[in-house]
Amino acid sequence: MNNLRTVSKIIEPQIAIEGAGVKLRRSIAPRVSNEYDPFLLFDHFAFNDPLEGPLRGFPYHPHRGIETVTYMLEGATHHRDSLGNQGLIGPGDVQWMSSGRGILHEEMPRRGPSGNIYGFQLWVNLPSHLKMAAPRYQEVTAAIIPTYEKDGIRIRVVAGKVNGVTGPVTDISASPLYMDVERAPGTEWQFPIPVGHTLIAYVFEGEGVFSGETVNAVKMVRFADGDHITVKTENGSVRFMLMAGAPFKEPIVPYGPFVMNTLEEIQQTLHELRNGTFIKE
Ligand code: CO
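Our subject in this report is the structure included herewith. As the structure is a prediction and not an experimental result, all values here were calculated from the model.

### A closer look at unusual backbone geometry
- Of note, the bond from D37 into P38 is cis; its omega dihedral lies within 30 degrees of zero at 15 degrees.
- Structurally, the position occupied by P38 is in the loop between β3 (22–28) and β4 (39–47).
- Backbone torsion omega between A217 and V218 reads 0 degrees, so that peptide bond is classified as cis.
- The topology assignment puts V218 in the loop between β20 (213–216) and β21 (219–223).
- Positive phi values are uncommon outside glycine, yet N34 reaches one of about 50 degrees.
- Topologically, N34 is positioned in the loop between β3 and β4.
- Even without being glycine, D151 reaches a positive phi, approximately 45 degrees.
- As for its position among the elements, D151 is in the loop between β13 (147–150) and β14 (153–159).

Right, dumping it as structure tokens:
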């Protein structure tokens, strides 16, 4: 490892209102420029203020051409979909949903015992040959997500591999790495990342020095290419989501909850929604 991935961009999350009025912090969103290929969107929902009113959530909506990854830390998300699945994504659980050609689903947050709801949703692109594949779920409960722990470093490995600890989410086209990393004060860490993969980190607690640059919560960090990053903590601890994936390098046309490769495919999708042929299952 001799090519350090330096910080190329620090993104300030913007407050966005989505679904039926859910306030969230959005760092990246789908754009034709596809700057974070294969990643499309990253949302952070954190609410604990009863003045924000009743929980509204995300009533039934469609997806096509993408994967949505929900990771809860506090509270839960109750989900239901057009395939007949339903369940609760609880603290520490992950749902990795490949919409393929189409699902309709509902995602409704529920408060935890403390009254808080805290979690993330990541959208990962699908390559053109899988955008119309059958929908697929990987439901991963907290108990089966392995934790790597050593010298003040604690990593929950959802997808990818850390020193022989492999995450339970597999067979994803982007070959992703998706990890929840906690670092105690006064630690240093050097971590290999495949050359050419897009690498982003979402710093949501504390402060760390990422490849030489100090970053405070709450920020999204994008790294330049290379073969490794370094993360150092000084007086405080830091916690972040680390995400890497192989870019597909295909044109994209995003439209709301759909991301396809051409405008014709978006028009076809809207046509199918109108005439009731969107759901194939
Ligand atoms: Co959704």
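### Some points on the side chain of H63
- As for its position among the elements, H63 is in strand β5 (residues 58–63).
- Relative accessible area serves as the criterion here: at 2%, H63 is assigned to the buried category.
- If sequence neighbours within four positions are ignored, H63 has contacts with T68, M97, S99, G102, I103, H105, E107, W123, P257, F258 and F278.

### Some thoughts on the packing of aromatic side chains
- By the definition in use, this model includes 12 aromatic pairs.
- Each ring, one from F42 and one from Y202, has its centre 4.7 Å from the other, and the planes form 45 degrees; the classification is tilted. Of this pair, F42 sits in strand β4 while Y202 sits in strand β19 (residues 198–210), placing them 160 residues apart in sequence.
- For the pair W96 and Y178, a centre-to-centre distance of 6.0 Å together with 85 degrees between the ring planes defines the contact as edge-to-face. Here Y178 lies in strand β17 (residues 177–183) and W96 lies in strand β9 (residues 94–98), a separation of 82 residues in the sequence.
- Three or more aromatic residues joined by ring pairs form one cluster here, namely F42, Y118, F120, Y202 and F204.

### Quick notes on the pattern of salt bridges
- The final tally for this structure, using the stated rule, is 12 salt bridges.
- One salt bridge connects E12 with K219, and the closest N-O pair in it is separated by 3.9 Å. One end of the pair, E12, is in the loop between β1 (7–11) and β2 (14–18); the other, K219, is in strand β21, and 207 residues separate them in sequence.
- Residue classification places K219 among the buried residues on the basis of a relative accessible area of 18%.
- Between D43 and R26 there is a salt bridge; the shortest N-O distance is 2.7 Å. Of this pair, D43 sits in strand β4 while R26 sits in strand β3, placing them 17 residues apart in sequence. Comparing D43 with R26, the two get one shared label, buried.
- Three or more residues are tied together by salt bridges with common partners; here these are E149, R154, D180, E182 and R239.

### Some points on the sheet that holds strand β11 (residues 117–125)
- Judged by pairing direction, the sheet is antiparallel, and its 7 strands sit side by side in the order β2-β3-β4-β11-β6-β9-β12 without closing on themselves. Of all the strands in the sheet, the pair left with one neighbour each is β2 and β12 (136–140). Recorded for the sheet is a direction-independent mean angle of 20 degrees between the axes of neighbouring strands.
- Both β4 and β11 contribute to a ladder of 8 bridges, which runs antiparallel.

### Quick notes on the pairing of strand β6 (residues 66–74)
- Across the 9 residues that make up β6, a large majority, 8, are buried.
- Pairing between β6 and β11: 8 bridges, direction antiparallel. If you follow Y71 over to β11, its bridge partner there is F120.
- Alignment of β6 against β9, held across 5 bridges, turns out to be antiparallel. Directly across from T68, in β9, lies its bridge partner M97.

### A few points about the coordination of the cobalt ion
- Only H61 (NE2), H63 (NE2), H105 (NE2) and E107 (OE) from the protein coordinate the cobalt ion, and they sit 2.1 to 2.4 Å from it.
- Here the cobalt ion binds 4 donor atoms, and the angle range of 84 to 174 degrees at the metal identifies the geometry as irregular.
- Ordering the donors of the cobalt ion by residue number gives the pattern H-x1-H-x41-H-x1-E. Of this pair, H61 sits in strand β5 while H105 is found in strand β10 (residues 103–110), placing the two residues 44 residues apart along the sequence. The same class applies to H61 as to H105, namely buried.

Criteria and thresholds
- Every chain's residues receive numbers from 1 upward, in the order its sequence appears when written.
- Totals for whole chains, interfaces and linings use all residues, but because this is a predicted model, local features are given only for residues with pLDDT of at least 70 and pairs of side-chain atoms are given and counted only at 80 or more.
- Side-chain figures throughout are based on the complete set of non-hydrogen atoms in the structure, without hydrogens or water.
- Comment: elements are numbered from the N terminus, with helices defined as DSSP H or I runs of at least four residues and strands as E runs of at least two.
- Each residue is placed in one exposure class: buried if its accessible area under a 1.4 Å probe, protein chains only, is under 20% of its type's maximum, exposed if it is over 50%, and partly exposed if it falls in between.
- For this analysis, residues touch if any pair of their heavy atoms sits within 4.5 Å.
- Paired rings are identified among Phe, Tyr and Trp, the last through its six-membered ring, by centres lying within 6.5 Å, and are further divided according to the angle between planes into stacked (under 30 degrees), edge-to-face (over 60) and tilted (the rest).
- Any Lys or Arg side-chain nitrogen found within 4 Å of a carboxyl oxygen on Asp or Glu counts as a salt bridge.
- By the convention used here, strands pair only if DSSP detects at least 2 bridges between them.
- Note on method: axes are straight lines fitted to C-alpha atoms, helices fitted across the in-contact stretch only, with angles between N-to-C directions ranging 0 to 180 degrees.
- The rule for donors is simple: N, O or S, within 2.8 Å of the metal, or within 3.2 Å if the metal is Na, K or Ca. Water isn't counted, so a site may look like it is missing partners.
- A site with four donors is called tetrahedral when every donor-metal-donor angle falls between 85 and 135 degrees; four donors are called square planar, and six octahedral, when opposite donors sit more than 155 degrees apart and all other angles fall between 65 and 115; any other arrangement is irregular.

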